[in-house]
Amino acid sequence: MSGGDEARRAFSWPRPPADITLAGDDVHVWRVWLDLPPSEVARLRQLLSPDERERAARFVSPRDRGRYITGRGALRSILGRYLREPPRSLRFRYSPHGKPSLADPLPLRFNLAHSSGLALIAVAWGREIGVDVEIIRAGVADELIARRFFSPREVEELIGLAEEKRQAAFFACWTCKEAYLKARGEGLSIPLDRFAVSVDPDRPAALRYVEGAAKEVARWTLCRLHPWPGYAAALAVEGHGWRLSCWQWDDPPAGRAKRPGP
Ligand SMILES: CC(C)(COP(=O)(O)OP(=O)(O)OC[C@H]1O[C@@H](n2cnc3c(N)ncnc32)[C@H](O)[C@@H]1OP(=O)(O)O)[C@@H](O)C(=O)NCCC(=O)NCCS
């Protein structure tokens, strides 16, 4: 297989089977393209709750409004598929730091992340989960920003890497940290310099330490995702031995959403 084939395969997230199920040790991540035509956005808006519609209405930019509606519509449609419930009937509640979860006491856990027209939705039974995706932007991955957001150990590892690896390492570190924070659901109440993840993008992702919480390292598994060229992404999942599947969300049917060009 050529390098080009390998790269394409790495980003190929298939459409799921119609009878998709989520077993106890499965973790599913869905890729959702957020820039849909207005008619599709209007259809997905029908799935939203009144508070979600209100929030959508507060977006000044039509593009951001459409992306929010599509993300929430896709989330409802995916969760409804596993729960065999109409997407519109699902009710969410929010942690004090804003993490949504199902209001009914069901063990289905999920998390959503979006960046520049692409969303990821991660789902599992009974395990806390966090996902992050970032478009790789030039000029962000510099040492000053790393020193502001990363722990001293991460900064040291980053600047110890070869120059040409640093951008990928910066975003690998950023997305892993964010995925872990999002799995915990406590936002920035966990200071960013009090925990460390692995930085080298060519080595497996891992949580290295969490200050004052030695058991955390054994509690979580981190992994990097490759949703699309030009994006970095990571997943943090409670426990070990789970099986990852990555799917393309295909409702509405493929080809209608505008994809950012690689
Ligand atoms: C929400 C938060 C956790 C991430 O924000 P973000 O990176 O802008 O946004 P993402 O696209 O990754 O995630 C947003 C989604 O996460 C979910 N979410 C909101 N609050 C959350 C929380 N506290 N924990 C987990 N998920 C949360 C929501 O579904 C939200 O999407 P929606 O509002 O469209 O439904 C943010 O509050 C935060 O604290 N970010 C830290 C930022 C930072 O400094 N990071 C440095 C990392 S090194």
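As shown above, the structure is provided for reference.
Reference entry: report on the structure contained in this document. (Residues numbered from 1 in each chain as written. Predicted model: local features only at pLDDT ≥ 70, side-chain atom pairs only at ≥ 80, totals over all residues.)

Things to note about the site of the ligand
- As a structural note, the neighbourhood of the ligand is formed by 22 residues, with H97, G98, K99, A113 and K182 the closest of them.
- Only α4 (62-83), β4 (108-115), β6 (129-135) and α7 (166-184) provide two or more residues apiece to the shell around the ligand.
- Per element, the largest residue contribution to the shell around the ligand is five residues, and it comes from α7.
- The residue makeup of the shell around the ligand, split by class, is nine nonpolar, eight polar and five charged. (Near = placed C-beta within 6 Å. Helix = DSSP H or I, 4+ residues; strand = E, 2+ residues; numbered from the N terminus. Nonpolar A, V, L, I, M, F, W, Y, C, P; charged D, E, K, R; others polar.)

Considerations on the sheet that holds strand β10 (residues 231-238)
- Strand order in the open sheet made by the three strands is β6-β10-β9, with antiparallel pairing throughout. Of all the strands in the sheet, just β6 and β9 (220-225) have a single pairing partner and so form its edges. Averaged over all pairs of adjacent strands, the angle between strand axes in this sheet comes to 15°, irrespective of strand direction.
- Sheet topology places β9 next to β10; six bridges connect them, and they run antiparallel. Each bridged residue has a counterpart across the sheet, and for L222 the counterpart in β10 is A236. (Pairing = 2+ DSSP bridges. Axes fitted to C-alpha atoms, helices over the stretch in contact; angles between N-to-C directions.)

So, α7
- Counted at 1.5 Å a residue, the expected span for α7 with its 19 residues is 27 Å, and the 27 Å between its end C-alpha atoms agrees.
- Taking burial as the measure, the 19 residues of α7 include 16 buried ones, the bulk of the element. (Expected span 1.5 Å × (residues − 1). Buried ≥ 20, exposed ≤ 12 C-beta atoms within 10 Å, placed from the backbone.)

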